[in-house]
There are 2 protein chains.
Amino acid sequence: MAQAHALERLVQALRYLPGVGVKSAQRMAFHLLQHEREGAARLAQALQQALASMRHCALCHTFTEAEICPTCLDPQRDRSQLCVVETPADQATLERTGAYRGRYFVLMGKLSALDGVGPREIGLAQLLARVDHLVDAEREVREVILATNFTAEGETTAHLITQALKARGVQVTRLARGVPIGSELEYVDLGTIAHALVDRR
Amino acid sequence: MAQAHALERLVQALRYLPGVGVKSAQRMAFHLLQHEREGAARLAQALQQALASMRHCALCHTFTEAEICPTCLDPQRDRSQLCVVETPADQATLERTGAYRGRYFVLMGKLSALDGVGPREIGLAQLLARVDHLVDAEREVREVILATNFTAEGETTAHLITQALKARGVQVTRLARGVPIGSELEYVDLGTIAHALVDRR
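Residues numbered from 1 in each chain as written. Chains lettered and ligands numbered in written order. Predicted model: local features only at pLDDT ≥ 70, side-chain atom pairs only at ≥ 80, totals over all residues. Heavy atoms only, no water.

**Looking at the overall build of chain A**
Helix and strand content of chain A: eight helices and six strands. For chain A, the succession of helices and strands along the chain, N to C, is α-α-α-β-β-α-β-α-β-α-β-α-β-α. Overall, the C-alpha framework of chain A stretches about 65 × 50 × 35 Å when taken along its three principal axes. Counting all 201 residues of chain A, 44% fall into the buried class. Look at the contacts in chain A between residues 6 or more apart in sequence, and 47% of them connect residues 24 or more apart. Total accessible area on chain A is roughly 10800 Å²; 54% of this is exposed by carbon and sulfur atoms. Taking the 23 positively charged and 23 negatively charged side chains of chain A as two groups, their mean positions are separated by 2 Å. (Helix = DSSP H or I, 4+ residues; strand = E, 2+ residues; numbered from the N terminus. Buried < 20%, exposed > 50% of the residue type's maximum accessible area, 1.4 Å probe, protein only. Contact = heavy atoms within 4.5 Å. Areas by Shrake-Rupley, 256 points an atom, 1.4 Å probe, with all protein chains shown as cover. Lys, Arg positive; Asp, Glu negative; His and termini not counted. Charge placed at Lys NZ, Arg CZ, Asp CG, Glu CD.)

The structure is reproduced here in C-alpha cells:
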C-alpha cells in the first residue's frame, strides 16, 4: 500500500513526541483517526494555543502565560528561600509535597554535553543575576536549595551552580539523599544506603 | 504552582494518545514547548489535515484521501484473493513482505466485548456485501485469507468471519501458525509448537 499522504505526514509528526518511534506513531495515528477524532482536534488546538501563549516567567523561567508567573507573584511565598529545579514538572512535584513555601528558579533543562546543553542553555547567568538581585536589593534570600535530579547530569548541574554561587554569601544546600520511605534495605541500591549512612541524623 | 491554563490543557489533550498517562503527557508537553516548538506546530497541522482529509476507502475501508484507495484501484493486483486484516498497519506489514499481491479488506478494529466493538463496528456487513459482490458480479474472488492477529480477540474475529462466509461458496483460509524463523524451539511457547506439529508439512 502506498500510504496516504496526510496519514504518513501525521505519523512523521507524531515522532516529534519524546519516546515515540515509528510503530507507536502508527498506532497513535490509527487510534486518533479511528476512535478519537474529537480528542485529536482538541490536541491540535491545545498545541497551537500553548505555542501561541506560553512563554518563560521573567523571574523564575518556568512556563507561564503572563510576564511573571503566579508563583513568583504570590506574596505568601517565603522570600528567604530559592529552590532550583530542572523542569516545571519537578516544581509541581515539590509543590504537591506541601513541604516548601519559598520561591523557585526553573532551569528548563540540565547540563548535558551529549545534547549540547551548557551553562547558557540552562540560564546560569540569569540564575546568578536573580540571586544577586535577591541578595543585594531585597536582602532577603538566605538559602538556595538545589533540587536537581540525582542523576549524573543533575549532580553535574548542581555542582556547577554550587561553584558559581560560592562567592556570593548565600547558603547553598542540596536535597537529602537517603532510603525512600516504605522501602526495604535489601532492595535499595548500595550507593543510596552508603549516602544514608554518611548523612545519618 | 497553579499550572498555567494552556499548559494544563495541552497535558490533558496529550492523554488522548493511546498509552500516554499524566507523567508522559507532562514530559511530552515540556519537551515540545522547550525543545521542539517547530515539531509541535507541524504536529498540530498534521492532525488537522489528517482529520480533514482522511476517510475510509469505499471498497476496503482503509484510510484514504480519495473515494477509493490506490491499492483497490491498482489493476495489477490479483483479483482472485481478498485478505482481511485488522488495521492499515497490518496491511502495510503484509505489503512489506512482498508475498501477497491480492486485494484487502481492513476491519479497522477487532471484536472486543470489553470495548463494545461488535460485528457492526468492524464492518462485517460491508465485508459480506463486498465478498458477495466480488463472487457474484466479478466471479473472480476464489479465496478469502483471514490475517487477523493471533490474539484471543483476533481469533474470535476470524472465527466469526469464517462462520459468516461458510455458505458463500468461497474458500476461507487463515495465516499459518508455526515456529517463527530464527527462533530456537527451547524458547518458543508450547502452544505455538503444538500448532506447528499439527500443521507440519
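**Some points on the relation of the copies chain A and chain B**
Least-squares fitting of chain A to chain B yields an RMSD of 0.1 Å, with the superposition described by an axial translation of 0.1 Å and a rotation of 180°. Accordingly, the operation relating the two chain copies is best matched by a two-fold axis. Nearest to the rotation axis, the C-alpha of Ala44(A) is located 2.1 Å from it, this being the minimum over chain A. (Least-squares fit on C-alpha atoms with pLDDT ≥ 70 in both.)

**Thoughts on unusual backbone geometry**
With glycine set apart, most residues show a phi of negative sign, and most peptide bonds adopt trans. Residue and element names in this part refer to chain A. A positive phi angle, near 75°, is found at His 61, a position not held by glycine. Among the structural elements, His 61 can be located in the loop between β1 (55–56) and β2 (63–64). Since its relative accessible area comes to 19%, His 61 is described here as buried.

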